[in-house]
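Results of the structural survey
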Amino acid sequence: SGFAMRLASIGKITENFSDLLLCDALRTNHFTNGGDVFVTNNLESSPNILTSDFLYHRAPVVISPRSGQLSFRATAFQIGTGFHIQASELVAGAPCVRAVVGGVELKLVVDTGASAALAVNPDVKFDGKNMHERVDQHGVNGERVCSAIFQTRVQLANHTFGAVEVFQNQSGLAHAQGAVGLGLLRCFDLLINVDSVGFRYNGLTPRRTPNAKSGSC
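Below, the structure is looked at part by part. (Residues numbered from 1 in each chain as written. Predicted model: local features only at pLDDT ≥ 70, side-chain atom pairs only at ≥ 80, totals over all residues. Heavy atoms only, no water.)

Summing up its helical and strand segments, the protein has three helices and 17 strands in all. Its C-alpha atoms give the protein a radius of gyration of 18 Å, near enough to 17 Å, the size a compact globule of 217 residues would have. Judged by the C-alpha coordinates and their principal axes, the protein covers about 50 × 40 × 30 Å. Expressed as a percentage of the 217 residues in the protein, the buried residues total 43%. Contacts spanning at least 24 positions in sequence make up 56% of the contacts within the protein whose residues lie at least 6 apart. Of the accessible surface of the protein, which amounts to about 11,800 Å², a share of 49% is contributed by carbon and sulfur atoms. (Helix = DSSP H or I, 4+ residues; strand = E, 2+ residues; numbered from the N terminus. Rg over C-alpha atoms; globule rule 2.2 N^0.38 Å. Buried < 20%, exposed > 50% of the residue type's maximum accessible area, 1.4 Å probe, protein only. Contact = heavy atoms within 4.5 Å. Areas by Shrake-Rupley, 256 points an atom, 1.4 Å probe, with all protein chains shown as cover.)

In structure tokens:
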């Protein structure tokens, strides 16, 4: 069987027609019995993704970057305590949460497929140090987006970071003011539910891009 799927990336939205494949269940650190339906899709520079729909069907899901674990239909024991819960809304199928970036509260897409710590739209005004560097990002839809690099203070959930790398993209996201990527999300265990996202600081530090170039876009 097959269907049409709309995929939003950092600077482009595409619609793809994909095949559906009934397969054995995806195996994680907690073995899953039964089957899964997977979708074929050509993604630029990315072999595969687990979509929000996939995770929501198995909620609650715990993603633990520091220990490298992914738990579907997590039990109370697997979830543990200490999560700061934020209500979320969907933008292009992905959850959005609130964060304070350079003194400004923003609505950000939670994008575990993005390597950057934070990316914001070109019209966002925030207090930050211009590093006079840039980076060329490549999205899964094949687009290229130039981004100016800043550093600023960021509060996400109940934790504040003194200096986080922020990309200000030449093109922006619709219905959100930017995205928080793995460069910052790695600092938290994530609790994914259909209508909320939980954050628990795990002690890791935000990552910076190794691909910065001098100059501006």
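A separate point is the pairing of strand S12 (residues 144–156). As judged from the three bridges shared by strand S8 (residues 94–101) and S12, these two strands associate in the antiparallel manner. Paired with Val100 across the two strands is Gln155, which belongs to S12. Looking at chain direction, S12 and strand S13 (residues 159–169) are connected through nine bridges and run antiparallel. Across the sheet, Gln155 pairs through a bridge with Thr160, a residue of S13. In textbook terms, the turn of a hairpin is the stretch between consecutive antiparallel strands, and for S12 and S13 this stretch comprises two residues, one of which, Ala157, has a positive phi near 55°. (Pairing = 2+ DSSP bridges.)

Cis geometry is found at the peptide bond from Ala59 to Pro60, where omega equals -5°. Along the polypeptide, Pro60 turns up in the loop between helix H1 (52–56) and strand S4 (61–64). In the Ramachandran plot, Arg73 falls in the positive-phi region, its phi being about 45° despite a non-glycine side chain. Looking at where Arg73 falls in the secondary structure, it is placed in the loop between strand S5 (69–71) and helix H2 (76–79). Here Ala157, not a glycine, exhibits a phi torsion of approximately 55°, which is positive. Along the chain, the position of Ala157 falls in the loop between S12 and S13. Classification of Ala157 by relative accessible area gives buried; the value is 10%.

Grouped together as the largest cluster of nonpolar side chains are 34 residues, with contacts concentrated most on Val101, Leu118, Leu156, Val180, Leu184 and Phe199. Ranked by residue count, the leading element in this core is S12, at four residues. Judged by nonpolar contacts, the second largest core, of six residues, contains Val91, Ala94, Ala176 and Ala179. (Core = buried A, V, L, I, M, F, W, Y, C linked by side-chain atoms within 4.5 Å.)

Let us look at the sheet that holds strand S15 (residues 188–193). Strand order in this open sheet of five strands is S5-S4-S15-S16-S6, and the pairing throughout is antiparallel. Both edges of this open sheet fall to S5 and strand S6 (84–87), since each of them pairs with a single strand only. For this sheet the average axis-to-axis angle between neighbouring strands, irrespective of direction, equals 15°. (Axes fitted to C-alpha atoms, helices over the stretch in contact; angles between N-to-C directions.)

So, on to the packing of aromatic side chains. With the rule as written, the count across this model stands at seven aromatic pairs. Plain terms: the ring middles of Phe161 and Phe188 are 5.9 Å apart, the flat faces sit at 80° to each other, and that makes the pair edge-to-face. Of this pair, Phe161 sits in strand S13 while Phe188 is found in strand S15, placing the two residues 27 residues apart along the sequence. Given a relative accessible area of 0%, Phe188 falls into the buried group. Above the ring of Phe54, the side-chain terminus of Arg58 is found at 3.6 Å from the ring centroid. (Phe/Tyr/Trp six-rings, centres within 6.5 Å; stacked < 30°, edge-to-face > 60°. Lys NZ or Arg CZ within 6 Å of the ring centre and 35° of its normal.)

This part takes up the state of the cysteines. The tally for this structure, following the rule as stated, stands at one disulfide. In this model Cys146 forms its disulfide with Cys217; the gap between the sulfur atoms is 2.1 Å. Negative torsions about the S-S bond denote left-handed disulfides, and the value of about -90° found for Cys146 with Cys217 makes this one left-handed. With Cys146 in strand S12 and Cys217 in the segment after strand S17 (213–214), the pair connects residues that are 71 residues apart, well separated along the chain. Residue class for Cys146 comes out buried when judged on its relative accessible area of 12%. (Disulfide = S-S within 2.5 Å.)

Moving on, we come to the pairing of S4. Pairing analysis gives three bridges linking S4 to S15, with the strands arranged antiparallel. Counterpart to Val61 in the pairing with S15 is Ile192. Pairing geometry for S4 and S5, over three bridges, is antiparallel. Along S5, the bridge assignment pairs Val62 with Ser71.

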